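# Secondary and tertiary structure notes
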Amino acid sequence: MIKIIGILTSGGDAPGMNAAIRAVTHTALNKGLNVIGIQDGFLGLFKNRMIQLQKSNVSNIINRGGTLLGSARFPEFSQKDIRLTSIKNLYQRKIDALIIIGGDGSYIGAKYLTNMGLPCIGIPGTIDNDVAGTDYSIGYFTALETIVEAIDRLQDTSASHKRISIVEIMGRYCGDLTLAASIAGGCEFIILPEITYTKENLLIDIKKSIKNGKNHAVIAITEHLYDVKKLARYIQEKTKRETRATTLGYIQRGGTPVVYDRILASRMGSYAVKLLLEGYQGRCVGIINEVLVHHDINNALKYMKKPFKSDWLVTAKNLY
Ligand SMILES: Nc1ncnc2c1ncn2[C@@H]1O[C@H](COP(=O)(O)OP(=O)(O)OP(=O)(O)O)[C@@H](O)[C@H]1O
Ligand SMILES: O=P(O)(O)OC[C@H]1O[C@](O)(CO)[C@@H](O)[C@@H]1O
Ligand SMILES: [Mg+2]
C-alpha cells in the first residue's frame, strides 16, 4: 500500500508546474499520504535533494511560473548505476511511488524507474506540446499567450517600417506553438518542422505577396530549422526589403500561468494521485477532448504519435 509519494519536475520548466505540485500535495495529504518533493529533477533524485511537502509549502504558488522544486537537464540519468543510486535514495526515504512532471524525455526516466520496480506516473509538463497521448501539456497555453503578445508587437513595428520580420519560436521539433501562434497573431508565412517548406519556396511566396501590394510581413518559424539571422539576410538580399529576425527565447517559458494551464495542472495532479491509489503504475496522464485519460508509458513513448494539425495549417493558409 502506498503511504509516501515523491514528486519531481524535470526538463524545461513550464508555467503550471507549480499548480500541479500543489494539486498532488493537497490531494495526497487529504488522502492521508505523505508527500516528499524532490528538487532539481532527476539530478536531485540522484543527489538526494528532498524536502517534506506540507500544504504550507505549496500555498500561493498556483499563480506562479517556473517550478518551486527546481528542474534540470541530467542526461546521466540514462546510466543504470545512476538510476540505481537514485532508487536507493527513494527507498531510504520510504518513498513508495513517484509522480514525474515533464516532457517526453522525463517520461523515459519514468519508464526506466517503473521497470526497475518503482511505480511512476508521468504528467505532461512542457511548453512544447510534443507529448503523445494528450491534446495539451501543462504550460503550452501560457507560452502561446506570451508568443502571440510578442507577435502583436512585431506586427506593429513591421507594419510601421514596411519590414519583413522573422520570429523564431520554441517547440523543439514540434510546430504546435508556431502554428497556433501564427493563426492567432495573423502571421503571413509559417515554417514548421512537420512540413517541407524551403527558403526558396518562401521567397517565391514573399515575392508574390509583395507583387500583390503587401508591404510588410511576419514569418513564424520553429526553432532549429534555419539560422534566422542568415535567413533574414537572404530574404533582404533577394527582395530588397528590410528584414529583421527576432528569437523570442526563454521569455516563452516564464510567466504567470493562464487559467487553462492552472486548471489542467490541478486536474492532472489530482488524477495522478488517484491513479497511484488505485494501483496503477507506469502510466502517463493525458487530456483528450477535455476528458482525463491515462496510457501505458511504454506504449505512449513507442507507438503513440502526436498527430500533426494539418487542418490548422490549411486554415492558416486560407487566412493569408
Ligand atoms: N533516454 C533517457 N534515459 C533516462 N533518462 C532520460 C532519458 N532522456 C531524458 N531523460 C531524463 O529526463 C530529463 C528531461 O528530459 P528532456 O531534457 O528531454 O526534457 P523533457 O522532459 O522532454 O522536457 P522539455 O522537452 O519540455 O524540456 C533529462 O534531463 C534526463 O534526466
Ligand atoms: O533550457 P534549454 O536546455 O536550453 O532547452 C531549450 C528547449 O527547452 C524547451 O524550452 C522546452 O522543451 C524547448 O522549446 C527548447 O528547445
Ligand atoms: Mg521534450
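Residues numbered from 1 in each chain as written. Chains lettered and ligands numbered in written order. Predicted model: local features only at pLDDT ≥ 70, side-chain atom pairs only at ≥ 80, totals over all residues. Heavy atoms only, no water.

### Digging into the nonpolar core
- Ile99, Ile123 and Ile169 are the most contacted members of the largest nonpolar core, which has 54 residues in total.
- Summarising the domain contributions, this core has at least three residues from each of domain 1 (4-139 + 257-303) and domain 2 (142-253).
- Setting aside its immediate chain neighbours within four residues, isoleucine 123 contacts Val24, Ile99, Ile100, Ile101, Gly102, Tyr107, Ile138, Met268, Gly269, Ala272 and Val285. (Core = buried A, V, L, I, M, F, W, Y, C linked by side-chain atoms within 4.5 Å. Buried < 20%, exposed > 50% of the residue type's maximum accessible area, 1.4 Å probe, protein only. Domains from an automatic or database assignment. Contact = heavy atoms within 4.5 Å.)

### Some details on the packing of helix H7 (residues 199-211) against helix H8 (residues 228-239)
- For the pair H7 and H8, interaxial distance at closest approach is 11 Å and the crossing angle is 45 degrees. Here H8 runs oblique to H7, going by the angle between their axes. Crossing of H7 over H8 shows right-handed handedness. Residue-level inspection shows Lys199, Glu200, Leu202, Leu203, Ile206, Lys207 and Ile210 of H7 in contact with H8, the latter providing Leu231, Tyr234, Ile235, Lys238 and Thr239.
- Taken together, the residues of the contact of H7 with H8 break down into seven nonpolar, one polar and four charged. (Axes fitted to C-alpha atoms, helices over the stretch in contact; angles between N-to-C directions. Helix = DSSP H or I, 4+ residues; strand = E, 2+ residues; numbered from the N terminus. Parallel < 35°, antiparallel > 145°, perpendicular 65-115°, else oblique. Left-handed = near helix turned anticlockwise from the far one by under 90°. Nonpolar A, V, L, I, M, F, W, Y, C, P; charged D, E, K, R; others polar.)

### Regarding the pattern of salt bridges
- Enumeration over the complete set of coordinates arrives at ten salt bridges.
- Ionic pairing is found between arginine 244 and glutamate 242, a salt bridge with its closest N-O pair at 3.5 Å.
- Taken together, the shared-partner salt bridges in this structure form one network comprising Arg163, Glu242 and Arg244. (Salt bridge = Lys/Arg side-chain N within 4 Å of Asp/Glu carboxyl O.)

### Focus on the domain arrangement of the protein
- You can read the domains of the protein as domain 1 (4-139 + 257-303) and domain 2 (142-253).
- If you look at the interface, domain 1 gives twelve residues, while domain 2 gives eleven residues.
- In total, about 1000 Å² of surface goes out of reach between domain 1 and domain 2, with carbon and sulfur atoms giving 48% of it.
- Inspection of the region where domain 1 meets domain 2 yields two salt bridges.
- If you look at where domain 1 meets domain 2, you find six residue pairs in polar contact (both at pLDDT 80 or more). (Buried area = accessible area lost by both parts, 1.4 Å probe. Polar contact = N/O pair within 3.5 Å; in protein donor to acceptor, adjacent residues only side chain to side chain.)

### Topic: the UniProt feature "binding site: Mg(2+)" (unreviewed entry) in the protein
- As recorded in UniProt, the sites labelled "binding site: Mg(2+)" (unreviewed entry) are Asp104.
- Looking at the secondary structure, you find aspartate 104 in helix H4 (residues 104-115).
- Residue classification places aspartate 104 among the partly exposed residues on the basis of a relative accessible area of 35%.
- Beyond its immediate sequence surroundings of up to four residues, aspartate 104 is in contact with Asp130, Val131 and Leu301. (UniProt positions renumbered as here; feature names shortened; annotations may be inferred.)

### Some remarks on unusual backbone geometry
- For lysine 94, which is not glycine, the phi dihedral falls at a positive 60 degrees.
- Position of lysine 94 among the secondary structure elements: in the loop between helix H3 (80-92) and strand S4 (97-102).
- Positive phi, normally seen in glycine, also occurs at histidine 224, with a value near 75 degrees.

### Remarks on the layout of surface pockets
- Counted as a void, the largest pocket has a volume near 640 Å³.
- Tallied by class, residues from the lining of the largest pocket come to ten nonpolar, 13 polar and eight charged.
- When residues of the lining of the largest pocket are sorted by domain, at least three fall in each of domain 1 (4-139 + 257-303) and domain 2 (142-253).
- By volume, the second largest pocket amounts to about 370 Å³.
- For the second largest pocket, the lining is made up of 17 residues, of which Asp104, Asp130, Val131, Lys305 and Lys306 are closest to its centre.
- Of all the elements in the fold, those that place two or more residues in the lining of the second largest pocket are H4 and helix H10 (297-302).
- Residues belonging to the lining of the second largest pocket are distributed by class as follows: ten nonpolar, no polar and seven charged.
- Here the lining of the second largest pocket gathers at least three residues from each of two domains, domain 1 (4-139 + 257-303) and domain 2 (142-253). (1 Å grid on protein atoms, 1.4 Å probe; cavity = no way out; pocket = protein on both sides within 12 Å on 5 of 7 lines; lining within 4 Å. Points joined across faces, edges and corners; volume = space filled by probe spheres on them.)

### Considerations on H4
- With twelve residues, H4 should cover 16 Å at 1.5 Å per step; its first-to-last C-alpha distance of 17 Å lies within 8% of that length.
- Every buried residue of H4 is listed here: Ser106, Tyr107, Gly109, Ala110, Lys111, Leu113 and Thr114.
- The secondary structure elements touched by the buried residues of H4 are helix H2 (41-47), H3, S4, strand S5 (120-124), strand S10 (283-288) and H10.
- Looking one or two residues beyond H4, the residue adopting positive phi is glycine 117, at roughly 110 degrees. (Expected span 1.5 Å × (residues − 1).)

### What to know about the site of ligand 2
- By nearness alone, every residue bordering ligand 2 is listed as Arg73, Asp128, Met170, Gly171, Arg172, Glu223, His224, Tyr250 and Arg253.
- Aspartate 128 places a side-chain nitrogen or oxygen 2.5 Å from an oxygen atom of ligand 2.
- The contact in question runs from an oxygen atom of ligand 2 to an N or O atom on the side chain of arginine 172, over 3.4 Å.
- Here ligand 2 has 400 Å² of accessible area as a free molecule, and 80% of this is covered by the chains.
- The cavity that encloses ligand 2 is the largest pocket.
- Residue composition of the shell around ligand 2, by class: two nonpolar, two polar and five charged. (Near = heavy atom within 4 Å. Areas by Shrake-Rupley, 256 points an atom, 1.4 Å probe, with all protein chains shown as cover. Sits in = over half its atoms within 2 Å of the grid points.)

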